[in-house]
Every structure is written in C-alpha cells, then in structure tokens.
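Chain by chain, the residues:
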Amino acid sequence: MWATLKPDAAGLVAAVVQHALSGQVLMLGHMNADALAATLATRRVTFWSRSRARLWQKGESSGHTLELRGVWVDCDADALLVHAEPRGPTCHTGAVSCFSTPVPGTDDASAAPVLARLSAEILARKAGRGITSATGKSYVRGLMDGGVPAIAAKLHEEAAELAEALASDDREHIAREAADLLFHTLVGLAHRDVEWTAVLEVLARRLGRSGVDEKASRAPSPGPT
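Here's what I pulled together on the structure shown here. Because the structure is a prediction, the values reported are computed rather than measured.

### Describing the overall build of the chain
Reasoning step 1: The helix and strand inventory of the chain stands at seven helices and six strands.
Reasoning step 2: Its C-alpha atoms put the chain at 60 × 50 × 40 Å along the principal axes.
Reasoning step 3: When the 225 residues of the chain are sorted by exposure, 31% land in the buried category.
Reasoning step 4: Restricting the contact set of the chain to residue pairs at least 6 apart, pairs at least 24 apart contribute 46%.
Reasoning step 5: Separation of charge centres in the chain, based on 24 positive and 26 negative side chains, amounts to 7 Å.

### Quick look at the sheet that holds strand β1 (residues 13-19)
Reasoning step 1: What the four strands build is an open sheet, ordered β2-β1-β6-β5; its pairing is mixed. At either margin of the open sheet sits one strand with a lone partner, and together these are β2 (25-31) and β5 (66-73). Recorded for the sheet is a direction-independent mean angle of 25° between the axes of neighbouring strands.
Reasoning step 2: Direction of pairing for β1 relative to strand β6 (residues 79-86): parallel, over a ladder of six bridges. When the bridges of β6 are listed, H19 appears paired with A84.

### Digging into helix α5 (residues 171-191)
Reasoning step 1: For α5, built from 21 residues, the straight-helix expectation of 30 Å at 1.5 Å per residue is met to within 8% by its first-to-last C-alpha distance of 30 Å.
Reasoning step 2: The complete set of buried residues in α5 reads E177, L181, F183, H184, L186, V187, G188, L189 and A190.
Reasoning step 3: Close packing links the buried residues of α5 with α2 (114-126), α3 (139-145), α4 (147-166) and α6 (196-206).
Reasoning step 4: Of the residues one or two after α5, D193 is the one with positive phi, at around 60°.

### Comments concerning the environment of K137
Reasoning step 1: Looking at where K137 falls in the secondary structure, it is placed in the loop between α2 and α3.
Reasoning step 2: Here K137 falls in the exposed class, since its relative accessible area comes to 63%.
Reasoning step 3: With twelve residues separating them along the chain, K137 and R125 place their C-alpha atoms 9.8 Å apart.

### A word on the layout of surface pockets
Reasoning step 1: Within this model, the largest pocket holds a volume of roughly 1,400 Å³.
Reasoning step 2: Lining the largest pocket are 42 residues, with Q24, V96, A116, R117 and A120 positioned closest to its centre.
Reasoning step 3: Broken down by secondary-structure element, the contributors of at least two residues to the lining of the largest pocket are β6, α2, α5 and α6.
Reasoning step 4: Broken down by element, the residue count for the lining of the largest pocket peaks at eight residues, all from α2.
Reasoning step 5: Roughly 400 Å³ of volume is contained in the second largest pocket.

### Focus: the pairing of strand β3 (residues 46-49)
Reasoning step 1: Pairing analysis gives four bridges linking β3 to strand β4 (residues 54-57), with the strands arranged antiparallel. Paired with F47 across the two strands is W56, which belongs to β4.
Reasoning step 2: The loop that links β3 with its antiparallel partner β4 comprises four residues; one of these, A53, has a positive phi angle of about 55°.

### Some thoughts on the packing of α2 against α5
Reasoning step 1: Running from N to C, α2 and α5 point in directions that differ by 50°, and their axes come no closer than 10 Å. On the basis of the axis angle, α2 is oblique to α5. Pair α2 / α5 crosses with right-handed handedness. In contact with L115, L118, I122, L123 and K126 of α2, α5 contributes L182, F183, L186, V187, A190 and H191.

### Comments concerning the side chain of K154
Reasoning step 1: Here K154 shows up in helix α4.
Reasoning step 2: Among the polar contacts listed, one links the side chain of K154 to the side chain of E157, at a separation of 3.2 Å.
Reasoning step 3: Other than its neighbours up to four places away in sequence, K154 contacts Y139, L143 and H184.

Rules of the game
Residues numbered from 1 in each chain as written. Predicted model: local features only at pLDDT ≥ 70, side-chain atom pairs only at ≥ 80, totals over all residues. Heavy atoms only, no water. Helix = DSSP H or I, 4+ residues; strand = E, 2+ residues; numbered from the N terminus. Buried < 20%, exposed > 50% of the residue type's maximum accessible area, 1.4 Å probe, protein only. Contact = heavy atoms within 4.5 Å. Lys, Arg positive; Asp, Glu negative; His and termini not counted. Charge placed at Lys NZ, Arg CZ, Asp CG, Glu CD. Pairing = 2+ DSSP bridges. Axes fitted to C-alpha atoms, helices over the stretch in contact; angles between N-to-C directions. Expected span 1.5 Å × (residues − 1). 1 Å grid on protein atoms, 1.4 Å probe; cavity = no way out; pocket = protein on both sides within 12 Å on 5 of 7 lines; lining within 4 Å. Points joined across faces, edges and corners; volume = space filled by probe spheres on them. Parallel < 35°, antiparallel > 145°, perpendicular 65-115°, else oblique. Left-handed = near helix turned anticlockwise from the far one by under 90°. Polar contact = N/O pair within 3.5 Å; in protein donor to acceptor, adjacent residues only side chain to side chain.

Written as structure tokens, this is what we have:
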C-alpha cells in the first residue's frame, strides 16, 4: 500500500483520525511506511513522532489507544483518513478531540457532530457547569436530581408524543418530537454514565443482520435493581 502513496520530503504522509462511530475528527498525526505497517499489523493506530524521531503508538503511555477500523487514501495519495475507536480521550489535555478550540466567528453547529456536542453539554450540566439560564437553574440537572423516575417519566411522555406525531403528515412536527425523545435518551444515558457511542457500537454490530435473528439471540434482560 505504501508504494501507492506520495510522501513528503521527510517520507511522511498526514493521517487524520476520525471517530469510526461518531464521525468526530480526533487528531492529526504523521505516518511513514513503518508506522502504517505497524498500524495495519497491530490494529492500533501508530504514528511517526517527529519530535522523538521514532514510532509512537497512540496511548502507549496513557492507555488511551486508537483501535483501527479502517484506512482511506485521499485523491492525491498524500494523506490518509483513519477511522478508529478511541479508548479514552484522544487529546493529551484530556479532551475527547485535539480539535476543541474554535476560531472565533466560525463555531457553527454543523462543524462538529451534533450528538457529540449535545452529549458534552449534558455532561457539563450534570457536573454543574455551563448553565446559561438567567435563573441559574438547569433543566438537565433538575431531571438528574429527580433520578431515574423523573427521567423515565419524560421518556414515556416524549415517546407518546412522537407516536402521536407519526400519525400526522407534519414532517417538522415529527422531527421536533423525535429530537425531544433523543435528547431525553441522552440525558438518561449520561445519568447512568453510559457513553452515547456505546449505543452506536450496538447498532454497528447489528448492521447486516436479520432483526428477527438478532432479537432471538438476545440474553434475557435483567430485572430492575
């Protein structure tokens, strides 16, 4: 594969790492032939560290590895797009992504995966940060203070409203009610410390499989605790 690429004068190609499930851009690194070979062989993303002049497997000291899911070559053959699933935060600062500082005036909601941004905001409210209400209160924090009963009640309410909306032909109304249900689902996940990408992992495992067969293979759900 390396023979088809066009590295720079230092023998390197840029490697952009993207979350395989959420689509969020995680980091930019550089690979030489050995780094690419190590990445493909170990299934863990490995770079050439220009500062240390050696191969560097992401997470070799922190444990926050990038598990390889796929590699694409760009049209000019001088850069790679790497799909990976991160095990912990990717950035050395502890942030999910190294690209966490927007240029003023360009911070558009479409510039990053909406679910990732929304989930981050919910987690911030859970921790008591970022409350923008003039009253100093947080809707999310209030729900979480009410625990599972309060969150479950909202999920039942929002699911019923979506079901009613689906009986109409008002696409905007259906989208709004679906958004409400999805939002409260994310609140429930955050309350139980379940990452939203864990839901995408479950869906990914089900792709290409008969829904009938998949449902029949499930283990019985545990009762309430």
